[in-house]
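Here is how the chains run, residue by residue.
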Amino acid sequence: MRMGPVSFLSLLTLLPLTLSAQRQASLGIGTGIVRYSGGSSFSALTVSPAAQWLTPSSYFGVSGAVSLLEGGVWASQGRADVWVALSQRTGGVRPAVSATISGTTRSDGVAAGSGAAVIEAVRGNVALGVGAVTGVIQQEPGVGALRLRGRAWWQLNMPPAQLSLTTEATRFLGAWYTDVVGGLTIDGARAVGSVWLSGRLSKTYGSTGAASATIQYFLTPSVALEASGGNYLRDPFQGLPRAGFVAGGIRVFTSRRAAMVQSAPVRPPLQPLVAAHRGGDTIVVRFRMPAAKSVAIAGNWNAWTPDTMRALGDDIWEAALRLSPGTYYFNLVVDGQEWVVPGGVATISDGMGGLLAILNVL
């Protein structure tokens, strides 16, 4: 049975598309090399599509890669991730469910796949969960395991960044192993970079560690150079060995990067937006969005469905809303694709790597 590493540039899709992106799709083309115990694999060409969709209560991401290896061997990999909050409330404990499905194959080897599902209790920036993970390798019996998960994340605004820490304990074939993964992602105007450290602790299977780094540098608002390097831990559910890798290429996005097309200044200290009243219970909000062709507003008052704003000229956009006094959370949708937070408005973390602007109605 031959498994071995099957993808290269797909490792770059583990890098968040941006901390601020809410909906995004992209296509990467590049090359790379993976070294593992017993040999190495070089990819002359890797094509890797990726897409994500993010709201304050859900996340869906999908990525894949097809690589041409030495000797005309083709390898492919695919992965889908889903996270859904089962309650829309913003405070207290929120139940949520997450699931991951992934698969690998080589034209000179065998196919394998794995899936995991976890039920979580989320409070603030901490989540605890329990679930199961399973794996199937062609011509081998399938395996299943119990998984316990704890994770936490912290949003930093200057510069935009996110720290995360995840601990997963897995009961695999009668023995436990624990994976601890910590990461830092920094979102700059032109560059997005991540550093990840991971360790596996087990008396039965042995302990080991891994580290990796990835970076995207945007040449234009929709085209980025990207590079990745480091190593990753063995995947016992798909039979993939521990390996080191280096990969690089270019990625084209369907949506322009908001940080490069939006020039609204941010002046601390930031305060929640206070809406102006226009008779009765109607309030008016205005924003400056340079170079925008269309702007919509979506918030927790309208189930995050974008409502079109009116252009007033000089890059000013206006919306009239019927809202009762209270505190609300919102994003702007620019040109029908980019979900952004207007400059100069106080924000809170949505708990999934994004930000929500704060609106007060007095």
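Residues numbered from 1 in each chain as written. Predicted model: local features only at pLDDT ≥ 70, side-chain atom pairs only at ≥ 80, totals over all residues. Heavy atoms only, no water.

Draft legend 1. Geometry of the sheet that holds strand E17 (residues 282-288). Spatial strand order, E16-E17-E21-E20: four strands in an open sheet with antiparallel pairing. Either end of the sheet is taken by a strand with one partner, and the two such strands are strand E16 (276-277) and strand E20 (310-313). Here E20 runs beside strand E21 (residues 316-322); their pairing, made up of three bridges, is antiparallel. Across the sheet, residue alanine 311 finds its bridge partner in E21, namely tryptophan 317. (Pairing = 2+ DSSP bridges. Helix = DSSP H or I, 4+ residues; strand = E, 2+ residues; numbered from the N terminus.)

Draft legend 2. Structural context of unusual backbone geometry. Despite not being glycine, glutamine 139 has its phi angle at roughly 70°, a positive value. By secondary structure assignment, the location of glutamine 139 is in the loop between strand E7 (126-137) and strand E8 (143-156). A relative accessible area of 66% means that glutamine 139 is categorised as exposed. A positive phi angle, near 60°, is found at alanine 303, a position not held by glycine. (Buried < 20%, exposed > 50% of the residue type's maximum accessible area, 1.4 Å probe, protein only.)

Draft legend 3. How the structure looks around the pattern of salt bridges. Tallied over the entire structure, the rule returns 10 salt bridges. Across the pair arginine 147 and glutamate 168 runs a salt bridge whose closest N-O atoms are separated by 3.6 Å. Within this pair, whereas arginine 147 is found in strand E8, its partner glutamate 168 is found in strand E9 (residues 161-172), the two being separated by 21 residues in sequence. Each member of the pair, arginine 147 together with glutamate 168, is buried. Across the salt bridge formed by glutamate 318 and arginine 286, the nearest N and O atoms sit 2.7 Å from each other. With a gap of 32 residues between them, glutamate 318 in strand E21 and arginine 286 in strand E17 connect regions that are remote in the sequence. (Salt bridge = Lys/Arg side-chain N within 4 Å of Asp/Glu carboxyl O.)

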